[in-house]
Amino acid sequence: MSQESDSGQEKTEDPTEKRLKESRDKGQIARSKELNTLAVVMCSAVGLIMFGPAMFRLLIDLMTYNFSLERDALFATDSMGLHLLESVNMGLMILAPLFFILFVASIVGPIMLGGWLFSGKSLAPKFSRMNPLAGLKRMFSLKALVELLKALAKFLVVLAMALLVLAFFQNDMLELDSEPLPDAIGHSLWILGTALFFLACSLILIAVVDIPFQLWDNKQKLKMTKQEVRDEFKDSEGKPEVKGRIRQLQREMAERRMMGEVPQADVVITNPTHFAVALKYDPLNAGAPVLVAKGADFVAQRIREVATEHNVVVLESPPLARAVFYSTELDQQIPAGLYLAVAQVLAYVFQLRQYRAGQGKRPGPMPNPDIPEDLRKDE
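Residues numbered from 1 in each chain as written. Predicted model: local features only at pLDDT ≥ 70, side-chain atom pairs only at ≥ 80, totals over all residues. Heavy atoms only, no water.

A. Quick look at the packing of aromatic side chains. Going through the model one piece at a time under the given rule, you end up with 7 aromatic pairs. Pairing Phe-275 with Phe-325 gives two aromatic rings, centres 4.7 Å apart and planes at 50 degrees, and the pair type is tilted. Taken together, the residues span a long stretch of sequence, with Phe-275 in strand 4 (residues 275-280) and Phe-325 in helix 12 (residues 318-327) at a distance of 50 residues. The buried category is assigned to Phe-275, whose relative accessible area is 10%. Measuring from centroid to centroid gives 5.3 Å for Phe-325 and Tyr-326, while their planes differ by 85 degrees, and the two rings are edge-to-face. Judged by relative accessible area, which is 16%, Phe-325 ranks as buried. Judged by relative accessible area, Tyr-326 falls into the partly exposed class, the value being 48%. (Phe/Tyr/Trp six-rings, centres within 6.5 Å; stacked < 30°, edge-to-face > 60°. Helix = DSSP H or I, 4+ residues; strand = E, 2+ residues; numbered from the N terminus. Buried < 20%, exposed > 50% of the residue type's maximum accessible area, 1.4 Å probe, protein only.)

Right, dumping it as structure tokens:
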């Protein structure tokens, strides 16, 4: 049975991992009250059967202690209070093992389905529950009908088991009045524990039916429409326009950083209009030249402008510019196949610098470096 969202769309899609995590954070997980009841009643029965004989002996001692008072204690003003305090202490010690089992069952029972979870959000008041129309909707919902049928079935099953237990222990209960008091107390505890055990067994049938229903009902509540799935995917992956804007900002930041490196370059090699690459060589590090900036079209034009503003040598060598552009990433050394070609260009640049500084002769024409076939990129 499909549900409908507020927008009228059917919730046909299984909940995503994000939806499941959010619902768990809010405390919306499958729980079975019948499983909790079964755990408490079953542990009560087992506790009475296990500790019944010991509790019987201790109860006899408690009764003996309360009905065996010395004459002086009856006339002492403070002895009765102390006697009552001791009786309460003894009673708590007698019931302590059973109480401990019930305490453990009350904790283990709920976490058997859904696991351990503490959420402060589930404790927060929800004013939507005070809406009378919403209350009427819940009263006549499928879940309310199932709860009603479940309560009726539980009543009938427990009633049938109770009648069977009464019929089975009828003679034992009628014989209690003819037994000595100590034996009657022990016998009654055994009857009570056994009866509770059989009643708990009857609750197993209710829990077996309720657990799958609670799992199914919780999954139905968490189902999503196709639009919700798409919206969640957009939120998790990022909306296209937001991602595009982020990429644009990243490109602008990278471009500004790259342009800041152009004034430190030794040479800018151009296509001359489509590509531009800026190389820097540090002879002290004994490494290959490094690509500090590269770009095409508008970015290439901007690189040339920055280089001209800062008196960086700009040379035209289309084959070398294309080879460096396609083979080398920013801040990386050029490949070994371009060492000779770039070395020829850098040697020309150094000669040109000496000439401009008045320390050498005017260099000849720009060399035409040879580009290996595997690195050559034609337009």
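Let's pick the thread back up.
B. Structural view of the packing of helix 6 (residues 142-168) against helix 8 (residues 181-222). Between helix 6 and helix 8, the least distance of the axes is 8 Å, while the angle of their chain directions is 165 degrees. One way to sum up the angle between helix 6 and helix 8 is to call them roughly antiparallel. Handedness of the helix 6/helix 8 crossing: right-handed. Of the residues belonging to the contact of helix 6 with helix 8, the class tally is 16 nonpolar, 2 polar and 7 charged. (Axes fitted to C-alpha atoms, helices over the stretch in contact; angles between N-to-C directions. Parallel < 35°, antiparallel > 145°, perpendicular 65-115°, else oblique. Left-handed = near helix turned anticlockwise from the far one by under 90°. Nonpolar A, V, L, I, M, F, W, Y, C, P; charged D, E, K, R; others polar.)

C. Focus on the pattern of salt bridges. Summed over all chains, the structure comprises 6 salt bridges. In this structure, Asp-331 engages Arg-257 in a salt bridge whose closest nitrogen and oxygen atoms are separated by 3.5 Å. Of this pair, Asp-331 sits in the loop between helix 12 and helix 13 (339-356) while Arg-257 sits in helix 10 (residues 240-261); the two residues are 74 residues apart in sequence, bridging distant segments of the chain. Taking relative accessible area as the criterion, Asp-331 reaches 48% and is therefore assigned partly exposed. The partly exposed category is assigned to Arg-257, whose relative accessible area is 42%. Arg-376 serves as the salt-bridge partner of Asp-370, at 4.0 Å between the closest nitrogen and oxygen. Given a relative accessible area of 59%, Asp-370 falls into the exposed group. Among the residues examined, Arg-376 registers a relative accessible area of 31% and is labelled partly exposed. (Salt bridge = Lys/Arg side-chain N within 4 Å of Asp/Glu carboxyl O.)

D. Representation of the nonpolar core within the structure. Residues Val-267, Ile-269, Leu-279, Leu-320 and Leu-338 are the most contacted members of the largest nonpolar core, which totals 25 residues. Of all elements in the fold, only strand 3 (267-270), strand 4, strand 6 (313-316), helix 12 and helix 13 reach the threshold of two or more residues within this core. With 7 residues, helix 13 is the largest single contributor of residues to this core. With near-sequence residues (within four places) excluded, Leu-320 lies in contact with Ile-269, Leu-338, Ala-341, Val-342, Val-345, Pro-369 and Ile-371. Judged by nonpolar contacts, the second largest core, of 15 residues, contains Ala-276, Ala-278, Val-292 and Ile-303. (Core = buried A, V, L, I, M, F, W, Y, C linked by side-chain atoms within 4.5 Å. Contact = heavy atoms within 4.5 Å.)

E. Spatial organisation of a nonpolar patch on the surface. Nonpolar side chains collect at one region of the surface, where Phe-100, Phe-103, Val-104, Ile-107, Val-108, Ile-111, Met-112 and Trp-116 lie side by side and expose about 800 Å² of accessible area between them. Within the secondary structure, Phe-100 sits in helix 4 (residues 79-111). (Patch = residues over 30% accessible without salt bridge, like charges linked within 9 Å, V, L, I, M, F, W, Y side chains within 5 Å. Areas by Shrake-Rupley, 256 points an atom, 1.4 Å probe, with all protein chains shown as cover.)

F. A look at unusual backbone geometry. Phi at Asp-297 is positive, roughly 55 degrees, even though this residue is not glycine. Within the fold, Asp-297 resides in the loop between strand 5 (290-296) and helix 11 (298-309). According to the relative accessible area criterion, Asp-297 is partly exposed, its value standing at 48%. One non-glycine residue, Asp-331, lies in the positive phi region at around 65 degrees.

G. Region of interest: the sheet that holds strand 5. Taken together, the 4 strands give an open sheet; going across it, the order is 5-4-3-6, and neighbouring strands pair in mixed fashion. Either end of the sheet is taken by a strand with one partner, and the two such strands are strand 5 and strand 6. Direction aside, the axes of adjacent strands within the sheet are offset by 20 degrees on average. As paired strands, strand 4 and strand 5 are joined by 6 bridges and run antiparallel to one another. (Pairing = 2+ DSSP bridges.)

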